[in-house]
Amino acid sequence: MISIKTFRFSRQIGKTATVGLWMIFGLIPQNFVYAQPVVKQWTRQPGTSADDGAKRVVTDSSGNIYVTGFTNGGLDGNTNQGGGDIFLIKYDSSGKKIWTRQLGTNTNDEGWGITTDSSGNIYVAGFTNGGLDGNTYQGGADIVLIKYDSSGSQIWTRQFGTS
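These remarks concern the structure in this document. (Residues numbered from 1 in each chain as written. Predicted model: local features only at pLDDT ≥ 70, side-chain atom pairs only at ≥ 80, totals over all residues. Heavy atoms only, no water.)

## Describing the pairing of strand β8 (residues 122–128)
Of all 7 residues that make up β8, 5 are buried, and the element is covered over most of its length. Two successive antiparallel strands, strand β7 (residues 109–116) and β8, enclose a turn made up of 5 residues, where Gly120 displays a positive phi of approximately 90 degrees. When β8 meets strand β9 (residues 142–148), the two strands line up antiparallel, connected through 7 bridges. For Thr128, the partnering residue across the bridge sits in β9 and is Asp142. (Buried < 20%, exposed > 50% of the residue type's maximum accessible area, 1.4 Å probe, protein only. Helix = DSSP H or I, 4+ residues; strand = E, 2+ residues; numbered from the N terminus. Pairing = 2+ DSSP bridges.)

## Topic: the sheet that holds β9
If you trace the 4 strands from one edge of the open sheet to the other, you get β7-β8-β9-β10, paired in antiparallel fashion. Here the strands that pair on one side only, and so sit at the sheet edges, are β7 and β10 (154–160). Going from strand to strand, the sheet's axes swing by 20 degrees on average, the running direction of each strand aside. (Axes fitted to C-alpha atoms, helices over the stretch in contact; angles between N-to-C directions.)

## Regarding the pairing of strand β3 (residues 52–59)
The pairing of β3 with strand β4 (residues 65–71) spans 7 bridges and is antiparallel. Counted as the bridge partner of Thr59 is Ile65 from β4. Hairpin connection, β3 to β4: the antiparallel pair is bridged by 5 residues, and Gly63 has positive phi, about 90 degrees.

## Let's talk about the pattern of salt bridges
Considering all chains together, one arrives at 2 salt bridges under this definition. The partner of Lys55 in a salt bridge is Glu110, and the shortest N-O contact between them spans 3.8 Å. You can see Lys55 sitting in strand β3 and its partner Glu110 sitting in strand β7, a full 55 residues away along the chain. Look at Lys55 and you get partly exposed, because its relative accessible area is 27%. Residues Asp76 and Lys97 are paired through a salt bridge, measuring 2.7 Å at the closest nitrogen-oxygen approach. Of this pair, Asp76 sits in the loop between β4 and β5 (85–91) while Lys97 sits in strand β6 (residues 97–103), and the two are 21 residues apart along the sequence. The class of Asp76 is partly exposed, set by a relative accessible area of 42%. A residue is classified by how much of its surface remains accessible, and Lys97, at 32% relative accessible area, is partly exposed. (Salt bridge = Lys/Arg side-chain N within 4 Å of Asp/Glu carboxyl O.)

Note that all results are geometric; they support no functional claim without further evidence.
And the structure:
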């Protein structure tokens, strides 16, 4: 007889994020060790009265958490430039919001990827349908790469595209 059992296990990702997964296995060995359940540490739900969405999350070596995506409103007192704007939010490891940055054009812009480097800089990749930070719009959806330092100061913006 085949039995199907459902159990939960967790896996540590980076230094701060834990992801819980449900798995279904047939023929579970008797000596299988079950992992500890995932315990929610905190939840944050930033947003505006317009459409907003988070696309990516990353942690740095100090345990800070960075979130990027898009907002169609003015997030945390920022001003929407029109359409969707790129946002970047920094939280400390306990979930305290450190800062929020918002950047956009009068068209749709979104942050889709994010990473950090060993110097504490943050890089947001995404797209724009306009000329972001004085860059020349090439047509269609242009690729953007934005560099911030750990304090949230914008270092530079690069924009690439074809007509």
